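# Coordinate analysis (summary)
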Amino acid sequence: MSEDKSTEQVSEDKSAEVTEVESTETVTDASTEPGTTETAPRNVGRTVLAAVAAALVIALAAGVGVLFYQHLQDNQTEQARTDAVAAAGEQAVAMLSYNYNTVDAQLAEAADGLTGSFKDDYNTLVAEVIAPGAKEKKLTVQVTVQGGSIVSADPDDAVVLLFLNQITTSADAPDAATTGSRVRMEMHKEGDRWLTGRLTPV
């Protein structure tokens, strides 16, 4: 009988040990779960920071690109202002100056600096009006540029205002007659040349 009691006591002791071990494992597992839930937010936070940093780098690069483009455009426009005024002055002199002896060759050469429909209109005017009149009246016209300014400009187009001085002699009026005038010239860049698209007296 005593042996049966001893056996029962041993069994109870073992059952208690098993229950205690299971409880310990349960506590250990429960204690590790919060650590797992803390790691996930950290990873998400790092991903968000990386995305924000990448977006900032892209925005900064885009901003630098825009500033560089604007700077380049400003430089090209400033150069256009200088070049367009110089070209307009040269072409105004070429278009409006002539000698009755060489008027055909002079004004044909001047037409090389024109563009678009204005070039055709100018050639027609020279052939039908200017050259015949110059030969008939023995006209000589000398034009000089007194000043010039930009009305508007961008890298490929400009409007220029010129102040001209014109000296004219003819068979009927051999004494030089001097007159001043202003012209508005529309300039267009084609390749590396500035050409005249329109000349209008103002």
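Preceding this section is the structure that the text describes.
The rules behind each value
- Residues numbered from 1 in each chain as written.
- Predicted model: local features only at pLDDT ≥ 70, side-chain atom pairs only at ≥ 80, totals over all residues.
- Heavy atoms only, no water.
- Pairing = 2+ DSSP bridges.
- Helix = DSSP H or I, 4+ residues; strand = E, 2+ residues; numbered from the N terminus.
- Contact = heavy atoms within 4.5 Å.
- Axes fitted to C-alpha atoms, helices over the stretch in contact; angles between N-to-C directions.
- Core = buried A, V, L, I, M, F, W, Y, C linked by side-chain atoms within 4.5 Å.
- Buried < 20%, exposed > 50% of the residue type's maximum accessible area, 1.4 Å probe, protein only.
- Salt bridge = Lys/Arg side-chain N within 4 Å of Asp/Glu carboxyl O.
- Parallel < 35°, antiparallel > 145°, perpendicular 65-115°, else oblique.
- Left-handed = near helix turned anticlockwise from the far one by under 90°.
- Nonpolar A, V, L, I, M, F, W, Y, C, P; charged D, E, K, R; others polar.
- Arc of directions from axis to C-beta.

## A closer look at the sheet that holds strand E4 (residues 177–190)
Within the open sheet, the five strands sit side by side as E1-E2-E3-E4-E5. Their pairing is antiparallel. Edge positions in the open sheet fall to strand E1 (98–99) and strand E5 (193–201), since each of these has one partner strand only. Of the pairings in the sheet, the one linking strand E2 (residues 140–153) to strand E3 (residues 157–169) comprises 12 bridges and is antiparallel in character. The partner of threonine 140 across the bridge, within E3, is threonine 169. Of the strands in this sheet, E1 and E5 are in contact with helix H3 (residues 116–137), which crosses E5 at around 60 degrees.

## A look at the nonpolar core
Within the largest apolar cluster, 31 residues are counted, with the highest numbers of intra-cluster contacts made by Tyr98, Tyr122, Leu162, Met185 and Met187. Taken together, the elements giving at least two residues each to this core come down to helix H1 (2–96), helix H2 (103–110), H3, E2, E3, E4 and E5. If we skip the residues at most four places from it in the chain, tyrosine 122 touches Ala94, Met95, Leu107, Ala110, Ala111 and Leu114.

## Observations concerning the pattern of salt bridges
Counting across every chain of the model gives four salt bridges. Between arginine 198 and aspartate 121 there is a salt bridge, with the nearest N and O atoms lying 3.9 Å from each other. Placement of arginine 198 in strand E5 and of aspartate 121 in helix H3 is noted, with a sequence separation of 77 residues between them. Between glutamate 186 and arginine 184 there is a salt bridge, with the nearest N and O atoms lying 3.4 Å from each other. Note on glutamate 186: relative accessible area 27%, which makes it partly exposed. Here arginine 184 falls in the partly exposed class, since its relative accessible area comes to 32%.

## What about the packing of H2 against H3?
Where H2 meets H3, the closest approach of the two axes is 10 Å, and the angle between their N-to-C directions is 155 degrees. Judged by the angle between their axes, H2 and H3 are roughly antiparallel. Two packed elements cross with a definite hand, and for H2 against H3 that hand is right-handed. Of H3, the residues touching H2 (which contributes Val103, Asp104, Leu107 and Ala110) are Tyr122, Val126, Ile130, Ala131, Ala134 and Lys135. Its residues assigned to classes, the contact of H2 with H3 comprises eight nonpolar, no polar and two charged.

## Considerations on H2
Turning to H2, its buried residues are Val103, Leu107 and Ala110. With its buried residues spanning 50 degrees around the axis, H2 presents them on a single face. Exposed residues on H2 whose side chains face more than 90 degrees from its buried face are Ala105 and Glu109.

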